[in-house]
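Structural characterization, general
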Amino acid sequence: FLSQAMERRRGIFSEFYVSMIRSAEITGRLEASMVFLADYLEKELMLRTRLRNALIYPSIIILMFVVVAGIMLVVVFPQIQPIFEETGIDLPIITRIFLSSGNFILEWWWIVIAAAILFGFLLVDYFKGDEGKVVIDELKVRIPIFGNLFKKVYVARFAESTSVLIKGGVSITQAIEIAGHSIGNVVYRDILHVIADGVRAGELFSSLLAQNETYFPILVSQMVAIGEGTGRLDDILSRIANFYTREVNDLLANLVELIQPVLIAGIGILIGLLFASILIPIYNLTKTF
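This write-up is about the structure you can find in this document. (Residues numbered from 1 in each chain as written. Predicted model: local features only at pLDDT ≥ 70, side-chain atom pairs only at ≥ 80, totals over all residues. Heavy atoms only, no water.)

**What about the packing of aromatic side chains?**
Summed over all chains, the structure comprises nine aromatic pairs. Consider the rings of Y154 and Y188, whose centres lie 5.2 Å apart with planes at 50°: the pair is tilted. Here the residue Y154 occupies a position in helix α7 (residues 146–167), and Y188 occupies one in helix α9 (residues 186–200), the gap between them amounting to 34 residues. In this structure, Y154 and Y188 share a single accessibility class: buried. (Phe/Tyr/Trp six-rings, centres within 6.5 Å; stacked < 30°, edge-to-face > 60°. Helix = DSSP H or I, 4+ residues; strand = E, 2+ residues; numbered from the N terminus. Buried < 20%, exposed > 50% of the residue type's maximum accessible area, 1.4 Å probe, protein only.)

**Looking at a nonpolar patch on the surface**
Nonpolar side chains collect at one region of the surface, where F104, W108, W109, W110, I111, V112, I113 and I117 lie side by side and expose about 800 Å² of accessible area between them. Among the elements that line the nonpolar patch, the one with the most residues is helix α5 (residues 109–128), at six residues. One can find W108 in the loop between α4 (93–107) and α5. (Patch = residues over 30% accessible without salt bridge, like charges linked within 9 Å, V, L, I, M, F, W, Y side chains within 5 Å. Areas by Shrake-Rupley, 256 points an atom, 1.4 Å probe, with all protein chains shown as cover. Salt bridge = Lys/Arg side-chain N within 4 Å of Asp/Glu carboxyl O.)

**With respect to the packing of helix α11 (residues 218–230) against helix α12 (residues 233–287)**
At a minimum axis distance of 8 Å, the contact between α11 and α12 shows a crossing angle of 155°. In terms of orientation, α11 lies roughly antiparallel with respect to α12. Considering how the two elements wind past one another, α11 and α12 form a crossing that is right-handed. Between α11 and α12, the residues in contact are L219, V220, M223, V224, I226 and G227 and L233, I236, L237, I240, F243 and Y244, respectively. Residue composition of the contact of α11 with α12, by class: eleven nonpolar, one polar and no charged. (Axes fitted to C-alpha atoms, helices over the stretch in contact; angles between N-to-C directions. Parallel < 35°, antiparallel > 145°, perpendicular 65-115°, else oblique. Left-handed = near helix turned anticlockwise from the far one by under 90°. Contact = heavy atoms within 4.5 Å. Nonpolar A, V, L, I, M, F, W, Y, C, P; charged D, E, K, R; others polar.)

**Things to note about the side chain of S277**
With respect to the element layout, S277 can be found in helix α12. Note on S277: relative accessible area 0%, which makes it buried. In this structure the side chain of S277 is engaged in a polar contact, spanning 2.4 Å, whose partner is the backbone oxygen of L274. Residues within four places of S277 in sequence aside, it is in contact with F77, I94, T95 and F98. (Polar contact = N/O pair within 3.5 Å; in protein donor to acceptor, adjacent residues only side chain to side chain.)

Rendered as structure tokens:
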């Protein structure tokens, strides 16, 4: 069977794809399931691309600021420090902080680099662990502004995956669990496992979603309740997925428009502080003559 061959290639095909194909083989809807999977992959690729593109510009701007700030600290400030020391003028606190930072980096640069590498290694190792994954995934949905975006992305993935699996003949409880693994967030995965157990115990899917309003907006549970009442849960979930996909696209477009001026203003203020820490002492020095 195709599903068995795919299952032996777990590194390429996830549980979501294998379960979808296995159900399609049983129900005789392999062609339709392949079309569903193709559409799903296309939507996922478009969403990932938009998210990645939205973060490219801010990353470049921040990197450029770090480079400029580093040059100022280790090149410019050490060159002008002897002038300030000879004149004996009273330096502003911001200037003293930058001068001390530059001197420390120049004198102990190897410790700074070693500490940065060690800290980065420990951080990556921590976030690769189970506890670290929970922490970072929880932060994704709670961080201001971007938390709302990630939440809508996860809800769209959940609804799309569950809808496709139910249409492919997978049971609701199994579809919920498999969708939890395809979302890409361990917090949502654990919540959906608990919800699946609740559905097996006879509780309503919609009421269990309503109990997790922090992660699933109330609109989702209300729409699912309609799907349960009408017997068209797969169609309702598909509509939820389309709705939140549009919401993500609109939110991304707005964020891209807002990020640029906010970043420019913020980094402009920081660069202004760097130059002010040089210009203010020079201005005070000219007043003494």
